[in-house]
Amino acid sequence: MSIAAIKKEDFTSSVQDMIHENVVYGVKQKYPGFAFDRISAAEELRLDYDITLFPPTTYLLPPRDTFVEFTLDREVHIHARAEPQPCIILGIHPYDLHAVKLLDAVFLGNRVDVHYRARRNATLIIGIDCLTPWPYSFAASMGTALPPRIFDLWLTDLGGEFLMEVGTRRGDGLCRRYFNVKSACTALIEQRDRLREESLSRYRLALDFPPREIPGILDRGWDNPLWEELGEKCFSCGSCTMVCPTCVCFDVRDRMEPNLKKGERYRIWDSCMFYAFDKVASGENFRPTGTDRLRHRLYRKGKYMLERWGELGCVGCGRCIHACLVDIASPVYAYNRLAREVM
């Protein structure tokens, strides 16, 4: 696919035109941080951000998602949920795009989730390189600091202009419709490559070993005292999983109106860190302690998801580290310490 360049002032006016004709979710300043939200003016967009509180995957797997609505009268009438509104996600970082890749494997693999598929097909992704990572991220050592090729358009901030890479036919159509680009010369592409390489040295956290070794380390570390040490401090609040871009667990519920004539079936986010997550109908709980649940979360991220879907479940964004109330959720700390003690 092609690589082009666009001046920043032209990019801003192009985004304004795009907003007038599309639903666009971009990064806004939400003091003291940043968050994805619908943008109504190009001036609201902040592409120089370091991290967002919640990942953009929430637009593909919402916290609450209605499947069907139903009415109970003399007959039962079931109404399927309307098709999702087409939208554009603007400003996604590489590690979050790797999370989208994992969600695609989970929900579009052997068993297709039609609700996820509908949202995914209705969503265009315009990403941007993360050249100034925040202190909690370790994406460089996870191999997620550069984007997988599932984007529609990809940007790199070169200072006075953006380099724009086209990734799909839909992205090419978006580029032709809205962006006044020029062909990128070799010097600009080389500048992008230098900026990417320089950004890798700005990550403050890192694994002490290649990420491909995580499953083997976990294989040898099941009974390590680390899990008890961390688990006894855990509040089971689920903060780590609520901000994680790769968490895919949900519960399906029915809700009835007080008149008992209308209702809906919906799914809502769930968390393996919650006490009731592993409780079954007969009353048994297969992970009754914080230690059991914390260990499961880190095994799921570093081993189970890889074995089932071919992708590690941690992209190194660092949101869980920042969100944890008692400073025990860090995958990079747990994996590094475990490696030192079992290798």
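No experiment lies behind these values; they were computed from the predicted model shown.

A. Here's a closer look at the environment of A139. Topologically, A139 is positioned in helix α4 (residues 139-142). Beyond its immediate sequence surroundings of up to four residues, A139 is in contact with Y95, T144, A145, Y203, V315 and G316.

B. Highlighting the pairing of strand β4 (residues 64-72). With seven bridges joining them, β4 and strand β12 (residues 262-269) adopt antiparallel strand pairing. Within β12, the residue paired with T66 across the bridge is Y266. Both β4 and strand β5 (residues 76-80) contribute to a ladder of five bridges, which runs antiparallel. Counterpart to V68 in the pairing with β5 is A80. Adjacent in sequence and paired antiparallel, β4 and β5 are bridged by three residues.

C. A nonpolar patch on the surface, seen in detail. Among the surface-exposed residues, L72, V76, I78, M256 and L260 lie close enough to one another that they form a single nonpolar patch of about 470 Å² accessible area. Residue position: I78 is located in strand β5. By relative accessible area, I78 is classed as exposed at 60%.

D. Expanded view of the domain arrangement of the chain. Entries for the chain in the domain assignment read domain 1 (3-200) and domain 2 (211-342). Taken over C-alpha atoms, the centre of domain 1 sits 26 Å from the centre of domain 2. Counting residues at the interface gives 41 residues for domain 1 and 38 residues for domain 2. Where domain 1 abuts domain 2, roughly 3,400 Å² becomes buried across the two surfaces, and 66% of that area is made up of carbon and sulfur atoms. Our count for the contact surface shared by domain 1 and domain 2 stands at five salt bridges. Notably, a salt bridge pairs R267 with D113, separated by 2.7 Å at the nearest N-O pair. Linking domain 1 to domain 2 there are 20 residue pairs in polar contact (both at pLDDT 80 or more). For the side of domain 1 that touches domain 2, the secondary-structure elements that each account for two or more residues are β4, α2 (94-107), α3 (114-121) and α4. Looking at which element gives the most residues to the side of domain 1 that touches domain 2, the answer is α2, with ten residues. When the residues that make up the side of domain 1 that touches domain 2 are grouped by side-chain class, the tally is 25 nonpolar, ten polar and six charged.

E. Representation of the packing of helix α10 (residues 290-309) against helix α12 (residues 331-342) in the model. As a packed pair, α10 and α12 sit with axes 11 Å apart at the nearest point and diverge in direction by 85 degrees. Judged by the inter-axis angle, α10 sits roughly perpendicular to α12. Where α10 abuts α12, its residues R297, L298, K301 and G302 lie against P331, A334 and Y335.

F. Fine view of the packing of aromatic side chains. According to the stated counting rule, one finds eleven aromatic pairs in the structure shown. Aromatic ring contacts, followed pair by pair, group W222, W227, Y299 and Y304 into a single cluster. Residue placement shows K8 over the ring face of F162; its charged tip is 5.3 Å from the ring centre. One residue, R295, lies across the ring of W222, its end atom 3.9 Å from the ring centre.

About the cut-offs
- Residues numbered from 1 in each chain as written.
- Predicted model: local features only at pLDDT ≥ 70, side-chain atom pairs only at ≥ 80, totals over all residues.
- Heavy atoms only, no water.
- Helix = DSSP H or I, 4+ residues; strand = E, 2+ residues; numbered from the N terminus.
- Contact = heavy atoms within 4.5 Å.
- Pairing = 2+ DSSP bridges.
- Patch = residues over 30% accessible without salt bridge, like charges linked within 9 Å, V, L, I, M, F, W, Y side chains within 5 Å.
- Areas by Shrake-Rupley, 256 points an atom, 1.4 Å probe, with all protein chains shown as cover.
- Salt bridge = Lys/Arg side-chain N within 4 Å of Asp/Glu carboxyl O.
- Buried < 20%, exposed > 50% of the residue type's maximum accessible area, 1.4 Å probe, protein only.
- Domains from an automatic or database assignment.
- Buried area = accessible area lost by both parts, 1.4 Å probe.
- Polar contact = N/O pair within 3.5 Å; in protein donor to acceptor, adjacent residues only side chain to side chain.
- Nonpolar A, V, L, I, M, F, W, Y, C, P; charged D, E, K, R; others polar.
- Axes fitted to C-alpha atoms, helices over the stretch in contact; angles between N-to-C directions.
- Parallel < 35°, antiparallel > 145°, perpendicular 65-115°, else oblique.
- Phe/Tyr/Trp six-rings, centres within 6.5 Å; stacked < 30°, edge-to-face > 60°.
- Lys NZ or Arg CZ within 6 Å of the ring centre and 35° of its normal.

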